Structure formats: C-alpha cells, structure tokens
Amino acid sequence: MTNARGTKDREASAPSWRPAELDETKRLLEQAGLPADDLDEGLLEGFLACGPVGEPTAVGGLEFLGRHALLRSVAVAPSRRGEGLGQQVTRELERRARERGVQHLYLLTEGATAFFERLGWRTTDRAQAPPEIAGSTQFSRLCPASARLLSKALSTSPARGESPR
Ligand SMILES: CC(C)(COP(=O)(O)OP(=O)(O)OC[C@H]1O[C@@H](n2cnc3c(N)ncnc32)[C@H](O)[C@@H]1OP(=O)(O)O)[C@@H](O)C(=O)NCCC(=O)NCCS
C-alpha cells in the first residue's frame, strides 16, 4: 500500500530496535536539527535505534525523571521519512515507558506538534510541567522557550486492541 504522497507502505514491517550508540545518535540528531549536547552514555540507556550501526534510520529516547519521563530526540533520517518510522519509534518508546510504570510522558517540540497530536499527545501549559520535567536540561536549557510542551497519559496496561507497534 502507498499513501497519498506515494511513499512506501508504512504498515509493511516492524523495525528491529537495538540500543543506540552515542556517535550515530548525535549525528542523526544534529542532522535533524535537534539538541544533542546533553547526550552521554548514561542517558543513552533509554535510547533505541533501528538500521545499520553507524547509519541509523531512526532514533529516539526516554529520559526517566522521577515518576515521569521525557520522550525526546525522535529523529528519522531525511531519506527515510514518510515511511512510518517516526510513528513506530514513538509508539515503541511509549510501550517501554508504560512497561517501566511511567504514567505521564512529556515531550518538547518546535516543529512537530501536529505529528504527535495525531498519536494522542496533547499540548500542555509549560507552567504546569511537574518539577522533574521543568528541571530537565532539555526543558530548562536546550529547548527554546518557544518549544511546545506536550504530554500523554499512559494506561498501565495497553488498551485492548491497541497495536503493539
Ligand atoms: C517528525 C519526524 C520524526 C517524523 O518522522 P517520519 O518517519 O517522517 O513520520 P511518519 O512516516 O511516521 O509519519 C508521517 C506523517 O507524519 C506527518 N509529519 C511528519 N513530520 C511532521 C511534522 N513535523 N509536523 C506535522 N506532521 C508531520 C507527515 O506529513 C505524514 O502524514 P501523512 O500520514 O498524512 O502523510 C521526522 O520528520 C523528523 O525526524 N523530523 C525532525 C526532528 C523532529 O522534529 N523530531 C520531533 C521532535 S523530538
């Protein structure tokens, strides 16, 4: 199946997720215009990637902050956009957060609000951010004040019929 723009079938195959490596992740984030300055080996434990090592097609990560978590650094290689990878990495990170018992996920974005809203995320007043999120480096230093804060409540068990992707 192709979509209206003739891009590849985004339901075709589930990517194989692997731990992300530091250099490849920083490169892809920089290419996508996302901040990567605070990324180190410790933080990288919450990150995943798909595609060849050294040349990932998609990356994304979870930063666990107390009872909450920040979903961050979702980036797809420019040549592979529109194939469903952005949605799949987001859903996989949500699944992993749920598995860890996180009830509320947050993210900051400048240009992809509509992308996440389609996945059930809602714009949230930055002033309402929990202190753990407001104190994160992304929130307080790396993402500009113009970045939108979005949140999503996660049910503790996946809804019946919800796609595991
Ligand atoms: C946003 C991003 C991750 C989407 O990845 P992707 O693999 O191209 O997205 P998918 O193929 O899963 O979904 C494509 C759909 O999302 C829409 N979409 C993609 N990027 C979008 C954006 N920035 N804003 C709104 N909608 C967007 C497409 O128009 C498409 O819609 P369609 O189904 O009606 O054709 C990718 O464009 C990217 O890496 N952007 C730069 C980094 C970024 O902004 N990350 C998000 C903040 S963490």
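Criteria and thresholds
Residues numbered from 1 in each chain as written. Predicted model: local features only at pLDDT ≥ 70, side-chain atom pairs only at ≥ 80, totals over all residues. Helix = DSSP H or I, 4+ residues; strand = E, 2+ residues; numbered from the N terminus. Buried ≥ 20, exposed ≤ 12 C-beta atoms within 10 Å, placed from the backbone. Contact = placed C-beta atoms within 7 Å. Near = placed C-beta within 6 Å. Nonpolar A, V, L, I, M, F, W, Y, C, P; charged D, E, K, R; others polar. Pairing = 2+ DSSP bridges. Expected span 1.5 Å × (residues − 1). pLDDT = per-residue confidence, 0-100. Core = buried A, V, L, I, M, F, W, Y, C linked by C-beta atoms within 7 Å. Arc of directions from axis to C-beta.

As for the overall build of the chain
- If you tally the helices and strands in the chain, you get 5 helices and 7 strands.
- Along the chain, from the amino end to the carboxyl end, the secondary structure elements read β-α-β-β-β-α-β-α-β-α-α-β.
- The proportion of buried residues among the 165 residues of the chain is 31%.
- At a minimum sequence separation of 6, the contacts of the chain that also span at least 24 residues come to 67%.

Considering the site of the ligand
- The local shell around the ligand holds 22 residues, among which R81, G86, Q87, A112 and F115 are the closest.
- Every element with two or more residues in the shell around the ligand is listed here: strand 4 (68-76), helix 2 (85-99) and helix 3 (113-117).
- Broken down by element, the residue count for the shell around the ligand peaks at 5 residues, all from strand 4.
- Within the shell around the ligand, the residues separate by chemical class into 9 nonpolar, 8 polar and 5 charged.

A closer look at the sheet that holds strand 4
- Taking strand neighbours across the sheet as the criterion, the 7 strands line up as 1-2-3-4-5-7-6 in an open arrangement whose pairing is mixed. Edge positions in the sheet fall to strand 1 (18-19) and strand 6 (122-124), since each has one partner strand and no second.

Looking at the environment of S16
- Relative to the helices and strands, S16 is located in the segment before strand 1.
- Sequence-wise, S16 and L48 are 32 residues apart; in three dimensions their C-alpha atoms are separated by 9.8 Å.

Considering helix 2
- Across its 15 residues, helix 2 extends 21 Å between first and last C-alpha, which sits within 8% of the 21 Å expected from 1.5 Å per residue.
- Considered for burial, the residues of helix 2 that qualify are L85, G86, Q88, V89, T90, L93, E94 and A97.
- Its buried side turned inward, helix 2 meets strand 3 (58-65), strand 4, strand 5 (104-109) and helix 3.

What about the pairing of strand 7 (residues 148-153)?
- The pairing of strand 5 with strand 7 spans 6 bridges and is classified as antiparallel. Note on strand 7: the bridge partner recorded for L108 is L149.

A word on the confidence of the model for the chain
- Residues at a pLDDT of 70 or more form 87% of the chain, whose mean pLDDT is 88.
- This stretch, residues 1-9, has a pLDDT under 50; its non-local contacts, to residues over four places away or in other chains, come to 9 contacts.
- Long-range and interchain partners of residues 159-165, a stretch whose pLDDT sits below 50, account for 4 contacts in this model, where long-range means more than four residues apart.

Quick word on the nonpolar core
- One finds A58, A75 and L107 to be the most contacted residues of the largest nonpolar core, which totals 32 residues.
- Looking at this core, the elements with two or more residues in it are helix 1 (22-31), strand 2 (47-50), strand 3, strand 4, helix 2, strand 5 and strand 7.
- Looking at which element gives the most residues to this core, the answer is strand 4, with 6 residues.
- Residues in contact with L107, not counting those within four places in the same chain, are L70, L71, R72, F116, W121 and L150.

Description of the environment of K26
- Mapped onto the elements of the fold, K26 is located in helix 1.
- Sequence separation of K26 and D37 is 11 residues, and the distance between their C-alpha atoms is 8.3 Å.

Notes on helix 1
- Within helix 1, burial applies to T25, L28 and L29. When helix 1 is viewed along its axis, its buried side chains cluster within an angular range of 100° and face the same direction. Among the exposed residues of helix 1, those pointing more than 90 degrees away from its buried face are D23 and Q31.
- Next to the buried residues of helix 1 lie strand 2, strand 3 and strand 4.

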